[in-house]
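Given next are the chains, with one letter for each unit.
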Amino acid sequence: MSKPYVIIGGGILGASTAFYLTQQGAEVILIDRQDKGQATDAAAGIICPWISQRRNKKWYHLAKNGARIYPSLVTELEKLGQLDTGYKQVGALSLHTDASKLDGMEERAYKRREDAPEIGGIIRLSAEETQQRFPMLDKDYQAVFISGAARVDGRKLLQSLKNAAKANGAVLLSGDAALHVNGDTVTGITCNNEVIEAEKVILANGAWMKETAAALDVPLDVSFQRAQIMHLEMPGLETADWPVVMPPGTKYILTQDDHRFVIGSTHEDRTNFDYRVTAAASHEILHQGLAIAPDLAEATVLETRVGFRPYTPGFLPIIGELPGYANVLLANGLGSSGLTMGPFLGQQLAKLALHDKLDIQLEHYDVLSAIK
């Protein structure tokens, strides 16, 4: 009798892995503890890695491929009845007031389009043209517009992936899963007082994975940052097709279909899971956000979402077998690129579990690099 692939962690990585495994006919059990502060549930993502100034080619390979597979992923989800995935290709405005900085962005975009045609059109915009595309912006900003960029609502995408995996036969459980060990072998998991034997156990529980690995005396080096992301509303504005906004610095602005504006995010190094919305973070978001888009001063504050982004050493994700345990696979460390990379890394985890050929070189993302 065949055993299921058991996935611990129901965020973007775990749900994507479950979906891609079930697309190949695998038996899957996805277990989520539903901790407060899950990164995907809080996230509103910008899919536009091509103009990043990060020079790490290994990171860029994951981000570029993550952006590349989104249209096909959305098509597959729609075939399974998931029509509200939260993904929409609206383009991105990369802002600056310094013309030389915009020259650099434009040059970088054209160079990267050579092997990433999905970037689409690259258009240099004057301050007036920039304002026409996103009227709330400060009038001094000019932009480079990237037509292939998209936005994604983490909460909606996550639900679509889980629904699709379930439609393919996956079993979704809520509970606290622990690794079940027999001698020096992980044979499955225990959850809700039940032992479930597994073909392979796949760890995808992000910032909480350190705790899971500790049960095997594996000192996994996973740190995390708290992100606070604010949602505003401007009733009467039809914002469904507005582009995402990428200004200088760490903040971003995007819109959603229901007159919402999302301003993110903070990057707060944490050692504990404190999911409170704080005054300092609210001040930071509004102070910097209103400097970019002053007309949002009249918006209604709806909510602030809190998530914990996991990081591994060097801010580079890891993926592969847990050393010493060939039947335990994991991936982690997606950080603030979780929504961009998550589906692609989930696809790679599924291929790894099924012994299919990967689209990455595992040695570039060695799990050993995150073991103290």
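Just above, that's the structure.
Residues numbered from 1 in each chain as written. Predicted model: local features only at pLDDT ≥ 70, side-chain atom pairs only at ≥ 80, totals over all residues. Heavy atoms only, no water.

Colleague: Quick question: what am I supposed to make of the overall build of the protein here?
Modeller: Within the protein one finds 9 helices and 21 strands. In terms of overall dimensions, the protein is globule-like: its C-alpha atoms have a radius of gyration of 21 Å, near the 21 Å expected for 372 residues. Taken along its principal axes, the extent of the C-alpha atoms in the protein is 65 × 45 × 40 Å. Considering the protein as a whole, with its 372 residues, one finds that 56% of them fall into the buried category. Restricting the contact set of the protein to residue pairs at least 6 apart, pairs at least 24 apart contribute 74%. Counting every atom, the protein has about 15,900 Å² of accessible surface; 48% of that belongs to carbon and sulfur. (Helix = DSSP H or I, 4+ residues; strand = E, 2+ residues; numbered from the N terminus. Rg over C-alpha atoms; globule rule 2.2 N^0.38 Å. Buried < 20%, exposed > 50% of the residue type's maximum accessible area, 1.4 Å probe, protein only. Contact = heavy atoms within 4.5 Å. Areas by Shrake-Rupley, 256 points an atom, 1.4 Å probe, with all protein chains shown as cover.)

Colleague: Just to check I follow, could you spell out the packing of helix H3 (residues 57–79) against helix H6 (residues 154–167) for this structure?
Modeller: Think of two packed helices as two axes; the pair is described by the angle between the axes and how far apart they sit. One can describe the packing of H3 onto H6 by two numbers: an axis separation of 10 Å at closest approach and a directional angle of 55°. For the element pair H3 / H6, the angle class is oblique. The hand of the H3/H6 crossing is left-handed. Across the interface between the two elements, Tyr 70, Leu 73 and Leu 77 of H3 pack against Leu 157, Ser 160, Leu 161 and Ala 164 of H6. Each residue belonging to the contact of H3 with H6 can be placed in one class, and the counts come to 6 nonpolar, 1 polar and no charged. (Axes fitted to C-alpha atoms, helices over the stretch in contact; angles between N-to-C directions. Parallel < 35°, antiparallel > 145°, perpendicular 65-115°, else oblique. Left-handed = near helix turned anticlockwise from the far one by under 90°. Nonpolar A, V, L, I, M, F, W, Y, C, P; charged D, E, K, R; others polar.)

Colleague: Would you explain helix H8 (residues 279–292) in this entry?
Modeller: Helical periodicity: at 3.6 residues per turn, an α-helix aligns residues three or four positions apart in one direction. For H8, built from 14 residues, the straight-helix expectation of 20 Å at 1.5 Å per residue is met to within 8% by its first-to-last C-alpha distance of 20 Å. The complete set of buried residues in H8 reads Ala 281, Ser 282, Ile 285, Gly 289 and Ile 292. One side of H8 holds all its buried residues, which, seen down the axis, span an arc of 105°. Seen from the buried face of H8, the exposed residues on the opposite side, beyond 90 degrees, are Ala 279, Ala 280, His 283 and His 287. Contacts made by the buried residues of H8 are with strand E5 (92–96), strand E14 (223–233), strand E15 (244–246), strand E16 (252–255), strand E17 (260–264) and strand E18 (268–270). (Expected span 1.5 Å × (residues − 1). Arc of directions from axis to C-beta.)

Colleague: What is the right way to read the pattern of salt bridges from this model?
Modeller: Side-chain pairing between opposite charges can occur once the charged atoms of the two side chains come close. This structure, assessed with the given rule, holds 21 salt bridges. For the salt bridge of Arg 226 with Glu 268, the shortest nitrogen-to-oxygen distance reads 2.7 Å. One end of the pair, Arg 226, is in strand E14; the other, Glu 268, is in strand E18, and 42 residues separate them in sequence. Between Asp 359 and Lys 351 there is a salt bridge, and its shortest N-O distance comes to 2.7 Å. Via salt bridges that share partners, Arg 226, Glu 268, Arg 270, Asp 274 and Arg 276 belong to a single interconnected network. (Salt bridge = Lys/Arg side-chain N within 4 Å of Asp/Glu carboxyl O.)

Colleague: Could you clarify how one ought to interpret the environment of Ile 31 in this entry?
Modeller: Within the secondary structure, Ile 31 is located in strand E2 (residues 28–32). What makes Ile 31 buried here is its relative accessible area of 2%. Excluding anything up to four places from it in sequence, Ile 31 contacts Val 6, Ile 7, Ile 8, Gly 9, Gly 10, Leu 173, Gly 175, Ala 177, Ile 189 and Cys 191.

Colleague: Even after reading the chapter, I still don't get the pairing of strand E12 (residues 194–197), so can you show me in this structure?
Modeller: Every other side chain in a regular strand lies on the same face of the sheet, so the side chains alternate between the two faces. Inspection of the sheet shows strand E11 (residues 185–191) paired to E12 by 4 bridges, in the antiparallel sense. Pairing of Gly 188 across the sheet is with Glu 197, part of E12. In textbook terms, the turn of a hairpin is the stretch between consecutive antiparallel strands, and for E11 and E12 this stretch comprises 2 residues, one of which, Asn 192, has a positive phi near 55°. (Pairing = 2+ DSSP bridges.)

Colleague: What am I meant to see in the packing of aromatic side chains here?
Modeller: The geometry of an aromatic ring pair is captured by the separation of the ring centres together with the interplanar angle, meaning the angle of the planes. The full count for this structure, using the stated rule, is 11 aromatic pairs. Aromatic pair Phe 134 and Phe 261: ring centres 6.1 Å apart, planes at 80°, arrangement edge-to-face. Of this pair, Phe 134 sits in the loop between helix H5 (127–133) and strand E7 (142–146) while Phe 261 sits in strand E17, placing them 127 residues apart in sequence. Classification of Phe 134 by relative accessible area gives buried; the value is 0%. For Phe 261, a relative accessible area of 0% corresponds to the buried category. Taking 5.2 Å as the distance between ring centres and 75° as the angle between the ring planes, the aromatic pair formed by Tyr 311 and Phe 315 counts as edge-to-face. Accessibility expressed as a relative area gives 8% for Tyr 311, which makes it buried. Taken together through their ring pairs, the aromatic side chains of Trp 208, Phe 224, Phe 273 and Phe 308 make up a single cluster. (Phe/Tyr/Trp six-rings, centres within 6.5 Å; stacked < 30°, edge-to-face > 60°.)

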